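Take a look at the letters that make up each chain.
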Amino acid sequence: MQSKIVDAAPLRLPTRWTEWLTFSMIAVGLVLALEHSGWLQAPNRLFHDTLMSLQGHEVDRGDVIIVGIDDKSIAALGRWPWRRSFHAELIDRIDKDAPQAIGLDVLLTEADERFPGDDAALAAAVSRSGKVVLPLMMQSLNGAPFVVEPIPALRRAARRLGHVHIAVDDDGIARSVYLREGFGDRAWDHLSVAMRTAGAGGRPEPVAAPEERASEAETANSDPIAAWHRSRKMIVPFAGPPGHFPQVSYVDVLDGAVAPGTFKGKHVLIGATAAGTGELYATPVSGRRSKLMSGAEFSANVLDSLESRRSITRLPGWLNAALNILPALLGLAGMAFIGPLPALLLTLGLMVALPAAAAAAAGFGLQFGPAAGMLALGANYALWSWRKLDASTRYLMDEFSRLHSNGRLVAMSPGTAASGDFLGRRIHALRQVAEQLSNLHRFVSDSLEGLPDATLVCDRNGTVLLANAAAARHFEAASGEMLRGAKAATLMKDVLSQADRQPVVIPAIFAGPPTAGSTAAHDGRERDLLVKRAPSFSGSGEHLGWILSLIDVTQIRQAQRQRDHAMRFLSHDMRAPLASVLTLLNLQRQNPSAMPQEQFHERIERHAKKALGLADDFTQLVRAQSYNYHFERYNLVDVLLECVDDAWEATRRHRIRVTMAPSPEEAHSLINRELIARAINNLLGNALKFSPAGSSIVCAVEPHPRAWAVLVRDEGPGIAEELRAQVFEPFIRGSAAADIDGAGLGLAFVKTVAQRHGGKVLLDSTPGHGSAFRLVLPRDELP
């Protein structure tokens, strides 16, 4: 199975890039299709309409003002249409204020038969002003287009003529105009363009010059007026909602109720604003209340944008598509390298960035439709998420099947049969996998925790990843969790090999080849350990880390040493004096006169006492090692003084002086008094044996941190440094003890008693300057 995994790995990268290229092609194709089909024209229009409604500007002091044929004027002057003499008077009054141009947005295509003189009066007023622009429009009769112009008198008097057509989109909203329209070899500017030209001093143009035909996108051959040509399409950057431009009432101008200078230097648009008097249009700035805009105000917006040089340019189709494709590809690139949450945030960020970029472009007069890119981003995320989910699910199911087929995944709990649809079965299967992996993890964790030996699971660098309860106890930690992250080499720095007394666990071991091994060692607490290490591998054979076990074999080694000591005691130490007794008895039998009786008895007695002393020392050592202790609270100063008094006879015989150094009056500890007293006597006896006549022995009780130390210092020959660690072992004696009776059990007894009390023995010795032994015992502080 490992070879299959290794062989399949190189195929992942090409497959990943193939999928990415496939999704990229889908995204590009989707954007191009949407841009070409125009299916997203409605959301793009809604977005641009919203932006336009938020981007108005003040026009109170602008160059355009409207004279409205409003409800107030109709109430004062009567039913519409009015006499043309009113229009003549209105033009005269406005012209006195020196306007830039006057646009009379009222179609006057037929002569006034009721008041014939009114047409002449109006033509005279228009002629006197020299700044009046009149509207015209195109109509169709039996499918043939024709132009509806003002009556000849007015047409001749007008400064310019301009069409008043407004382009209404298929959703019923007026967003644009064509600044040049006509048919055949005749074309006219829009009313607003004509007013701007008239205000600039342009000459009258009774017959328009030939104009280029509109593009195919602007001319519909299926239209009954297909011969009518339009060009210079302008998307109107509305200054604000309906009613945004300054406006005065028609009747107020006639009545002279308008302040002088109101029209000075301005473009004045005269048009119907009252309901039922003219056409009203829905515009992007109509707002939530859907307030309609009059044709005069629409022309005012066009004129204002021309005067302020504000315009909206729609990006070419190829550029709009490219700007939508770019974030879609960026989103796919990010999804290929980042996780699910970052991919979601990236997608949302790009989906916000697209309209933000379109809004920023609108500030520069550029119209960019972001809907295709946003839809492509959403589709990309959905497709990529589906692919990742499908691939992840298939991989998990394949691995689950592989583990089952290899027998590596053991069911810890009975499973239930899957039911439902495909997704439900997949979820159920994944739930079973998760449960079994969780059970397996719990099984492994409990097994590790239940191991009796301290066990550390480390990575390849020797950092502890897992530690069981036995390891926590061994390293005196509160729990195995406290050992996580520690370096195994640091934790086991005091674990030394019994062969060369060098650290067993060092960083170089983890950097070496992954091989198993074991080493006999002991630590700073004098525990005998068997340190085992074994490498751990992944399913594909990759070296992942190490498993370290510390087996405490102290009791086993102690039992072995005790057995060896007993054999040595019986075979050598006890046998020597007993053999000497038998030899003396044999000699006495064979030659009674070979030795005086008194000498014979003295030697027999000496050998017997030696054997008895050895037996007593060995018995006391075994008792100290094996018996249960009964502890009571005693003052160590009193125990020491009593031991010094008991040794008075021996000190006098050896001519050695024993003195008590200053000690605290109270030094309490929980001890077995009999064994502690014997240990102190052993230290005193040892000092007496090795101290020369006339020397001194100093005894004291010293305070240590959370402990008391019973001090016995002599002036003997001292102990060499290489022997200091061995003198506390049974049957080990110093070089100065060759001529002194003993089996080397006294200091072993002292060490055993100290350890059984939770204490220790310290040795400070300089060859030629004596030795100082300290029996350290825990304090017993009263609460």
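Residues numbered from 1 in each chain as written. Predicted model: local features only at pLDDT ≥ 70, side-chain atom pairs only at ≥ 80, totals over all residues. Heavy atoms only, no water.

(A) Representation of the sheet that holds strand β25 (residues 696-704) within the structure. In spatial order, the strands read β23-β25-β26-β28-β27; together these 5 strands make up an open sheet with mixed pairing. Where the open sheet ends on each side, the last strands, each with one partner, are β23 (657-660) and β27 (760-765). Taken pair by pair, the neighbouring strands of this sheet meet at an average axis angle of 20 degrees, ignoring direction. Bridge count for strand β26 (residues 707-713) against strand β28 (residues 771-778) is 7 bridges, and the pairing is antiparallel. Looking across to β28, one finds that V712 is bridged to F773. Contacts between helix α21 (residues 636-646) and the sheet are confined to β23, β25, β26 and β28, with β25 contributing the most and set at about 170 degrees to the helix. Here helix α24 (residues 746-756) sits on the sheet in contact with β27 and β28, set at roughly 135 degrees to β27. (Pairing = 2+ DSSP bridges. Helix = DSSP H or I, 4+ residues; strand = E, 2+ residues; numbered from the N terminus. Axes fitted to C-alpha atoms, helices over the stretch in contact; angles between N-to-C directions. Contact = heavy atoms within 4.5 Å.)

(B) Fine view of the nonpolar core. Counting residues in hydrophobic clusters, the biggest one holds 39 residues, and the most contacted among them are L636, I676, I680, L684, I697 and L775. Sorting the residues of this core by element identifies α21, α23 (673-690), β25, β26, α24 and β28 as the ones contributing at least two each. Here this core gets 9 residues from one element, more than from any other, and that element is α23. In terms of nonpolar packing, the next biggest core, distinct from the first, is built from 36 residues, I65, I69, A123 and V248 among them. (Core = buried A, V, L, I, M, F, W, Y, C linked by side-chain atoms within 4.5 Å. Buried < 20%, exposed > 50% of the residue type's maximum accessible area, 1.4 Å probe, protein only.)

(C) Up close: a nonpolar patch on the surface. On the surface, a cluster of nonpolar side chains totalling about 370 Å² of accessible area is made up of L341, L344, L345 and L348. Following the sequence through the fold, L341 ends up in helix α12 (residues 340-363). (Patch = residues over 30% accessible without salt bridge, like charges linked within 9 Å, V, L, I, M, F, W, Y side chains within 5 Å. Areas by Shrake-Rupley, 256 points an atom, 1.4 Å probe, with all protein chains shown as cover. Salt bridge = Lys/Arg side-chain N within 4 Å of Asp/Glu carboxyl O.)

(D) A look at the confidence of the model for the protein chain. Taken residue by residue, the protein chain gives an average pLDDT of 81. The fraction at 70 or more is 82%. Mean pLDDT across the elements of the protein chain ranges from a minimum in helix α1 (residues 2-8), with 37, to a maximum in strand β2 (residues 101-104), with 94. (pLDDT = per-residue confidence, 0-100.)

(E) Structural view of α24. With 8 of 11 residues buried, α24 is to be regarded as a mostly interior element. Considered for burial, the residues of α24 that qualify are L747, A748, F749, V750, K751, T752, V753 and A754. Looking at the residues trailing α24, positive phi occurs at G758, about 80 degrees.

(F) Seen up close, α21. Of the positions making up α21, those classed as buried are L636, V637, V639, L640, C643 and V644. Down the axis, α21 shows its buried residues gathered within 160 degrees of arc, on one side only. Facing away from the buried surface of α21 by more than 90 degrees, the exposed residues are D645 and D646. N-capping of α21 is provided by N635, with a side-chain oxygen placed 3.2 Å from the backbone N of V637. (Arc of directions from axis to C-beta. Polar contact = N/O pair within 3.5 Å; in protein donor to acceptor, adjacent residues only side chain to side chain.)

(G) Fine view of unusual backbone geometry. Along the chain, W80 connects to P81 via a cis peptide bond; the corresponding omega equals 5 degrees. Residue placement: P81 occurs in the loop between α4 (71-77) and α5 (84-95). With a phi angle near 55 degrees, R232 is a residue other than glycine that sits in the positive phi range. Mapping R232 onto the fold places it in strand β9 (residues 228-235). R232 gets classed as partly exposed once you look at its relative accessible area, which sits at 46%.

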